[in-house]
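Chain by chain, the residues:
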Amino acid sequence: MIYGSCADVLSVCKAMADDLLAVFDPEAGFAPRMRQVCREQLQTIDETWELDVELLKMEERTWGLLQAVMPPNLTPTSARKTAPTDLPNPRALLKQNPYTPTSTLAQAIMGHSPLLTELVVVREWLQETAPPPYGPEVTTGYWRFTKLGVMQALRTGGAGRDALVSRMDPDVCARRGERGRGLAVDDANYEKNLAMALYACVRAGRMDDAVDMCRKAKQPWRAASIRGARLFQWRAISTEKMDDDDDDDDDLDVWSGNRQRKLWKTSCIRAALSNNLPEHGRVLYAALAPSQQTATVLRGACRTWEDHLWAQISIMCEERESGEMDKIGSGFWEGGAGSVCGDDEEDEEEEERVWVARVAEALEALKDIAVVEG
């Protein structure tokens with residue numbers, strides 16, 4: 001049956017071979033038709049054939065990826081995720097408006113680098129196809145069992161268990177005076193499961209789910225640290241064009257994101273490298289702010305080849321964005337009023353070629369990487 005469906009798709013697309021825009025159309029072209037064939041087969045196949053099901057899922061996802069990264073000259077501009085941006089380059093944006101939000105600068109940086117745009121699309125695909133995260137059961141209180149032990153120690157004049165922490169603040173386990181002590185066993189297990197679930201949310205690109213999970217776990221401080229990953233955005237002071245449908249005066253006056261993301265990233269890197277934090281906590285911070293410094297920590301949590309690819313691409317995208325942002329001075333929100341835009345004009349095309357070669361080398365190295373699963 002699947003062979004007949006594939007033959008039908010091939011016959012239809014062969015008939016319009018002279019019209020490349022039709023062949024690569026995002027809704028009726030070759031890739032979406034093949035993707036639909038896979039979806040239909042998944043609905044009818046016996047689920048006990050686990051290998052066949054997994055292969056069909058992989059093929060369905062691959063057709064979606066191929067369509068997303070299709071070369072710009074083969075698909076309609078409005079349908080491409082990799083369509084070139086109409087924003088000026090980031091240097092011109094800062095010269096025009098030194099208060100340009102960092103989200104607009106990041107969009108301009110990505111729009112003027114075809115490879116960076118493609119890497120971001122692949123990263124999004126890896127997130128969309130990642131296993132769904134499952135959080136721990138909703139807790140009835142913040143470190144409930146540890147709290148009982150601490151309260152007992154206070155009631156008895158400090159005669160608590162030596163292995164139990166003496167305070168309840170989030171940083172207590174990393175504090176020098178509390179070394180050798182920890183949470184109650186049940187609370188420690190819950191913390192580990194929560195951190196692993198939050199990492200799974202980050203891996204799947206579901207940051208809002210991670211924030212909700214933290215709030216349900218009675219840990220709003222952790223939700224705030226995760227929200228720090230968002231770039232600063234303020235439409236009222238941005239020079240980017242807005243659609244007529246989005247012209248909402250109320251939204252224009254509201255800003256969102258992190259105005260001090262560079263400081264937040266530095267904090268995440270230090271946390272990921274700290275030996276005072278448990279491994280699952282370090283992995284979470286390494287995933288939130290991927291960098292070459294924390295690459296070893298992040299790769300330690302990778303189990304499949306897709307995990308390794310996601311980690312490598314996340315590091316390359318974050319490093320490229322940060323490097324370009326630093327090169328232009330980062331603007332008012334990250335660099336201060338005196339750091340707006342430099343006067344030096346570098347050979348951007350040559351730098352892009354060098355970076356493309358480095359990316360190709362890094363991705364080539366993944367072909368022989370050892371994995372735990374898959």
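Bear in mind that the values here come from a model prediction, so they are computed numbers and not experimental data.

On to the side chain of T102, then. Within the element layout of this structure, T102 appears in helix α6 (residues 102-111). The class of T102 is buried, set by a relative accessible area of 3%. Here the side chain of T102 touches F232 through a polar contact of 3.2 Å, landing on its backbone nitrogen.

Roughly 1,000 Å³ of internal volume is contained in the second largest pocket. Around the second largest pocket sit 30 residues that line it, and P131, R303, T304, D307 and E373 are the ones nearest its centre. Residue composition of the lining of the second largest pocket, by class: 15 nonpolar, 6 polar and 9 charged.

Once that is clear, we can look at the nonpolar core. The biggest cluster of nonpolar side chains holds 58 residues, and the ones touching the most others in it are L119, L198, L298, W310 and I313. If one sorts the elements of this core by residue count, helix α16 (residues 305-327) sits on top with 8 residues. Once residues within four sequence positions are removed from consideration, L298 is found in contact with Y199, V283, A286, A287, P290, W310, A311 and I315. With 12 residues, the next largest nonpolar core counts V9, F24, M34 and V37 among its residues.

Next up on the list: the side chain of S314. Looking at the secondary structure, you find S314 in helix α16. Residue classification places S314 among the buried positions, given a relative accessible area of 5%. The contacts of S314, once residues within four sequence positions are left out, are R123 and P290.

This part takes up the packing of helix α7 (residues 114-128) against α16. With their axes 9 Å apart at the nearest point, α7 and α16 run at an angle of 140 degrees to one another. Compared by their axis directions, α7 and α16 come out oblique. Seen along the crossing, α7 lies across α16 with a hand that is left-handed. Here L116, L119, V120, V122, R123, L126 and Q127 of α7 come into contact with α16, specifically with E306, L309, W310, I313, S314, M316, C317, R320 and E321. Per-class residue counts for the contact of α7 with α16 are 10 nonpolar, 2 polar and 4 charged.

A rise of 1.5 Å per residue sets the reference length of helix α4 (residues 50-68), with its 19 residues, at 27 Å; its end C-alpha atoms lie 27 Å apart and thus fit the reference within 8%. By the burial criterion, the buried members of α4 are V53, L56, E60, W63, G64, L65, Q67 and A68. Of the surrounding secondary structure, the elements contacted by the buried residues of α4 are α1 (2-15), α3 (30-44) and α7.

Reading the values: rules and limits
- Residues numbered from 1 in each chain as written.
- Predicted model: local features only at pLDDT ≥ 70, side-chain atom pairs only at ≥ 80, totals over all residues.
- Heavy atoms only, no water.
- Helix = DSSP H or I, 4+ residues; strand = E, 2+ residues; numbered from the N terminus.
- Buried < 20%, exposed > 50% of the residue type's maximum accessible area, 1.4 Å probe, protein only.
- Polar contact = N/O pair within 3.5 Å; in protein donor to acceptor, adjacent residues only side chain to side chain.
- 1 Å grid on protein atoms, 1.4 Å probe; cavity = no way out; pocket = protein on both sides within 12 Å on 5 of 7 lines; lining within 4 Å.
- Points joined across faces, edges and corners; volume = space filled by probe spheres on them.
- Nonpolar A, V, L, I, M, F, W, Y, C, P; charged D, E, K, R; others polar.
- Core = buried A, V, L, I, M, F, W, Y, C linked by side-chain atoms within 4.5 Å.
- Contact = heavy atoms within 4.5 Å.
- Axes fitted to C-alpha atoms, helices over the stretch in contact; angles between N-to-C directions.
- Parallel < 35°, antiparallel > 145°, perpendicular 65-115°, else oblique.
- Left-handed = near helix turned anticlockwise from the far one by under 90°.
- Expected span 1.5 Å × (residues − 1).

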